[in-house]
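# Fold and contact review
Listed below are the residues making up each chain.
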Amino acid sequence: MSSNRLKVVLTRRLPDAVETRMRELFDAELNLKDRPFDRAALAAAVKRADVLVPTITDEIDADLIAEAGEQLKMIANFGAGVDHIDVDAAVGRGLIVTNTPGVLTEDTADLAMSLILAVSRRLVEGANIVQAGEFQGWTPTWMCGRKLWGKRLGIIGMGRIGQALARRARAFGMQVHYHNRKAVSERIEEELGATYWDELDPMLSRMDLISLNCPATKDTHHLLDARRLALLQPHAILINTARGELIDEPALAEAVGRRGIAGVGLDVFENEPAIHPGLLGHPNVVLLPHLGSATLEARQDMGDRVIANIMTFQNGHRPPDRVIPAMF
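Report on the accompanying structure. Predicted model, so just to flag it, every value in this text is computed and none were measured. (Residues numbered from 1 in each chain as written. Predicted model: local features only at pLDDT ≥ 70, side-chain atom pairs only at ≥ 80, totals over all residues. Heavy atoms only, no water.)

## Some details on unusual backbone geometry
Glycine aside, a negative phi is what most residues show, and trans is what most peptide bonds show. To keep it simple, the criterion reads: Strands are runs of DSSP state E lasting at least two residues, helices are runs of H or I lasting at least four, and both sets are numbered from the N terminus onward.
For the bond running from Glu272 to Pro273, omega is 10°, close enough to zero to count as cis. Non-glycine residue His222 carries a positive phi angle of around 55°. Along the chain, His222 turns up in the loop between strand E9 (209-212) and helix H10 (226-229).

## With respect to the nonpolar core
For clarity, the cut-off: Residue types Ala, Val, Leu, Ile, Met, Phe, Trp, Tyr and Cys, when buried and joined through side-chain atoms within 4.5 Å, form a set referred to as a nonpolar core. Under the scheme applied here, a residue whose accessible area is under 20% of the maximum for its type counts as buried, over 50% as exposed, and between as partly exposed, the area being computed with a 1.4 Å probe on protein chains only. Two residues qualify as a contact provided that any one of their heavy atoms is within 4.5 Å of a heavy atom in the partner residue.
Residues Ile156, Ile210, Leu212, Leu224, Leu238 and Leu252 are the most contacted members of the largest nonpolar core, which totals 30 residues. At the level of secondary structure, the elements contributing two or more residues to this core comprise helix H9 (200-204), E9, helix H11 (249-257) and strand E11 (263-266). Take this core: its biggest share by element is five residues, from H11. Excluding anything up to four places from it in sequence, Leu212 contacts Ile156, Leu223, Leu224, Leu238, Ile239, Asn240, Thr241, Ala242, Leu246 and Ile247. Ranked by size, the runner-up nonpolar core spans 23 residues in total, among them Leu115, Ile155, Val176 and Val184.

## A few points about empty space enclosed by the protein
Convention followed: The method works on a 1 Å grid over the protein atoms by themselves. A cavity is a set of points holding a 1.4 Å probe that cannot get out, a pocket is an open set with protein on both sides within 12 Å along at least five of seven lines, and residues with an atom within 4 Å of a point line them. Grid points are joined across faces, edges and corners, and a volume is the space filled by probe spheres set on the points. Under this grouping Gly is polar, as are all residues other than the nonpolar Ala, Val, Leu, Ile, Met, Phe, Trp, Tyr, Cys and Pro and the charged Asp, Glu, Lys and Arg.
Taken as a whole and judged by the stated rule, the model has two cavities of 30 Å³ or more. Roughly 60 Å³ of volume is contained in the largest cavity. Ser120, Arg146, Lys147, Leu148, Lys151, Asp208, Leu209, His235 and Ile237 are the residues that line the largest cavity. For the lining of the largest cavity, a count of residues per class yields three nonpolar, two polar and four charged. Its volume calculated, the second largest cavity comes out at about 30 Å³. Forming the walls of the second largest cavity are Asn240, Gly244, Ile247, Glu249, Leu252, Leu266, Val268 and Phe269. Of the residues that constitute the lining of the second largest cavity, the class distribution is five nonpolar, two polar and one charged.

## Overview of the sheet that holds strand E6 (residues 152-156)
What counts here: At least two DSSP bridges between two strands are required for those strands to pair. Helix axes are fitted to C-alpha atoms over the stretch in contact, other axes to C-alpha atoms as well, and angles between N-to-C directions run from 0 to 180 degrees.
The seven strands are arranged E8-E7-E6-E9-E10-E11-E12 in an open sheet whose pairing can be described as parallel. Here the strands that pair on one side only, and so sit at the sheet edges, are strand E8 (195-197) and strand E12 (285-287). The average angle at which neighbouring strand axes cross in this sheet is 15°, direction not considered. Against the sheet, helix H7 (residues 160-171) makes contact with E6, strand E7 (175-179) and E9, and its axis sits at roughly 170° relative to E6, the strand it touches most.

## Points about helix H12 (residues 296-314)
Here is the rule: A helix's residues, less one, multiplied by 1.5 Å, set its expected span.
Across its 19 residues, H12 extends 27 Å between first and last C-alpha, which sits within 8% of the 27 Å expected from 1.5 Å per residue. Burial in H12 covers these residues: Ala298, Met302, Gly303, Val306, Ile307, Asn309 and Ile310. Each element contacted by the buried residues of H12 is listed here: strand E1 (7-10), helix H1 (16-25), strand E3 (51-53), strand E4 (74-76), strand E5 (96-98) and helix H5 (105-120). Looking one or two residues past H12, Gly316 carries a phi angle of roughly 85°, positive in sign.

Okay, here's the thing in structure tokens:
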């Protein structure tokens, strides 16, 4: 193995084509057993890697970064979200942090729209009835859900994914509203027919559906707490395909239990993979195992972006997807 090849450590199993290309370009150490690295394994990895390629399951905090060897120069995250990485500590140590934005936008928006449909039209509940052999035939008043046409959708976070969801919602005849740190451009607002709310609380109390599409930061932790969940109308539906930490999960379980909300669709959880038991067993709650970017195309594209970022760094240039603290 040539001594000038970067030592790249992958913490999880990636698509075969991505791993093969990594082996061709770098001194790549693969995780063929796909077992998540524990703390000791991560600490050992940052002591030997030139480049660490972590995923959302890896907690790269300040203490771990402080243990890194002098040879570590880059953390090339496989994924768009970097809330599991202490970016301030990494940059303070002189490390370059990159992510893979954009390539999972359409897939995650597809999933958010799927959850909206599934909860509104009781699709999972109905499918389970059929699978259990309990379908007794059509009747006019049975298994009625809610139509989407004309309903108001409030999107929290109007970035790439939020805008992609808004386009889908418009195709279903929904009225798009949104809350963001600042309003998007007038051109985008006109394209989406979107109404901007500079304060979150008034929007929450007026929407038929709410979708969380913002990043997890210190400011958005438990963005929907008990107080804000109580603002939702009893017929409202809540969708989260962003990060579980955005919702106070015990408070949500309490709201579901007292029927303070009509339906919930979650692809992410606060203490993933653990799920609050109060969310289980409800027919109006659809829970998915973090499928947002789970398409063959998206995972391949994510891997390609990781490789492009490492190659750009190796060639002495600024990686295209460099992450800096000022972004958050």
